[in-house]
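Spelled out, the chains give:
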Amino acid sequence: MTVPAQPPAAVVDTPAEALDPPIAEDPVVEALVIEDAVVDDLVVEAPLVAPAPATRTVTRKPATPAKAPTQAPTKATITTAARTPAPESADADVVLELHDLVKRFGDTVAVDHVSLSIPTGSIFGIVGPNGAGKTTTLSMVTGLLRPDGGTIAVHGADVWSDPIVAKRNMGVLPDRLRLFDRLTGGQLLYYAGILRGLDPQTVKKRSADLASAFGLEDALDRLVADYSAGMTKKVALASAMIHSPRLLILDEPFESVDPVSAANVTEILQNYAAAGGTVVLSSHSMDLVQRICDYVAIVVSGSVLASGTMDEVRGIGSLEERFVELAGGRKTAEGMEWLHSFSD
Ligand SMILES: Nc1ncnc2c1ncn2[C@@H]1O[C@H](COP(=O)(O)OP(=O)(O)OP(=O)(O)O)[C@@H](O)[C@H]1O
């Protein structure tokens, strides 16, 4: 009897991660996806410490209901909205103001005159295709990258001319995690808290709360260098929050994070925003952004093509549909037949 040859296999670790939706949905990529194992199982009930009381009176607007407007915004109205962000009410407090931000790398214009107003107590999502300029924008906001033009102000304090004031109340999850990974998770959290001026007792209490919230209790004594990608992301997120900042800047906080942990992180962020904290996050997960963000900006080729409340930006469709439309639609995978010819 002839035994049929085994089909060839490609082993790809989370191939769609950090890919923008048009690519992540591409049939070629879909064909390659092999289900990822869910690693960290956890159940969380511990609430995260709320941010310190705001000096201004803050009432977080509830997430806008998923009600379709009577008329879909046209591309022209969206583009106009991009230049003048449209918060729900004109008197909304603005915690973070980006004005006419520009960043070039040689001939590449990574960020092209971006202006955004982030209301206090909101969760603001920044989405865009790979290479759109999201990380570059957030890196300038957090003072990691100097802008070529424009200004960034946190509660009126300029990030570049008044960095100590501007950054004091900021918690940052950068894109490329460069942690002190020869420390244990517990030591890293301790270090983050002490650096932010907390006393040791408070740091210990908050570290325990955060470890419980992120399902890292059993990992606190292990070296961060030995953590999985998702565990590393979570301990970095916990380090960004330990001083209960008023503003969290999170670059792809859900990347590598399993669905249970993502649900926990979502709940933590929603409680945080309900207590007056503000979250600015970038993500490729359109469903998640649509579900948790009050406001969203779609960035393509360094420019904001749409921004405003979630309902204003997505119109009558989903955020993903609007994103794909503004990002230039999907490309059909042609000329890839060689992939099906198998080298054996
Ligand atoms: N240090 C750098 N030197 C040169 N070019 C850079 C540098 N950092 C970013 N770029 C370029 O700037 C553009 C924007 O990159 P950026 O990382 O901000 O995109 P992104 O929207 O965060 O992408 P992704 O979704 O893939 O993370 C890209 O063309 C990128 O190649």
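Above: the structure in question.
About the criteria used
Residues numbered from 1 in each chain as written. Predicted model: local features only at pLDDT ≥ 70, side-chain atom pairs only at ≥ 80, totals over all residues. Heavy atoms only, no water. Helix = DSSP H or I, 4+ residues; strand = E, 2+ residues; numbered from the N terminus. Buried < 20%, exposed > 50% of the residue type's maximum accessible area, 1.4 Å probe, protein only. Contact = heavy atoms within 4.5 Å. Areas by Shrake-Rupley, 256 points an atom, 1.4 Å probe, with all protein chains shown as cover. Phe/Tyr/Trp six-rings, centres within 6.5 Å; stacked < 30°, edge-to-face > 60°. Near = heavy atom within 4 Å. Polar contact = N/O pair within 3.5 Å; in protein donor to acceptor, adjacent residues only side chain to side chain. Nonpolar A, V, L, I, M, F, W, Y, C, P; charged D, E, K, R; others polar.

Engineer: How should I be thinking about the overall build of the protein chain in this particular structure?
Structural biologist: Looking only at helices and strands, the protein chain has 12 helices and 10 strands in total. Counting across all 344 residues of the protein chain, residues that qualify as buried make up 47%. Restricting to contacts in the protein chain with at least 6 residues of sequence separation, those with at least 24 account for 73%. Carbon and sulfur atoms make up 55% of the accessible area of the protein chain, which totals about 17,200 Å².

Engineer: Help me understand the packing of aromatic side chains in this model?
Structural biologist: Counted according to the given criterion, the structure contains two aromatic pairs. Here the aromatic rings of F180 and Y191 are separated by 5.2 Å at their centres, their planes lie at 80°, and the arrangement is edge-to-face. Highlighted residues: F180 in the loop between β6 (170-173) and α6 (185-195) and Y191 in helix α6, separated in sequence by 11 residues.

Engineer: Teacher, can you tell me more about the environment of K103 here?
Structural biologist: With respect to the secondary-structure elements, K103 resides in strand β1 (residues 94-105). In this structure the C-alpha to C-alpha distance between K103 and H113, which are 10 residues apart in sequence, comes to 8.5 Å. Sequence-distant contacts of K103, that is, excluding residues within four places in its chain, are made with T108, V109, A110, V111, T136, M140, L145, R146, P147 and D148.

Engineer: I tried to follow the site of the ligand on my own but got confused; where do I start?
Structural biologist: Close to the ligand lie 13 residues; G131, K134, T135, T136 and H284 are nearest. Within the backbone of G133, an N or O atom sits 2.9 Å from an oxygen atom of the ligand. When isolated, the ligand has an accessible area of 640 Å², and the protein chains bury 62% of it. Secondary structure elements with two or more residues in the shell around the ligand: β2 (108-119) and α4 (134-141). Looking at which element gives the most residues to the shell around the ligand, the answer is α4, with three residues. For the shell around the ligand, the class distribution of residues is four nonpolar, seven polar and two charged.

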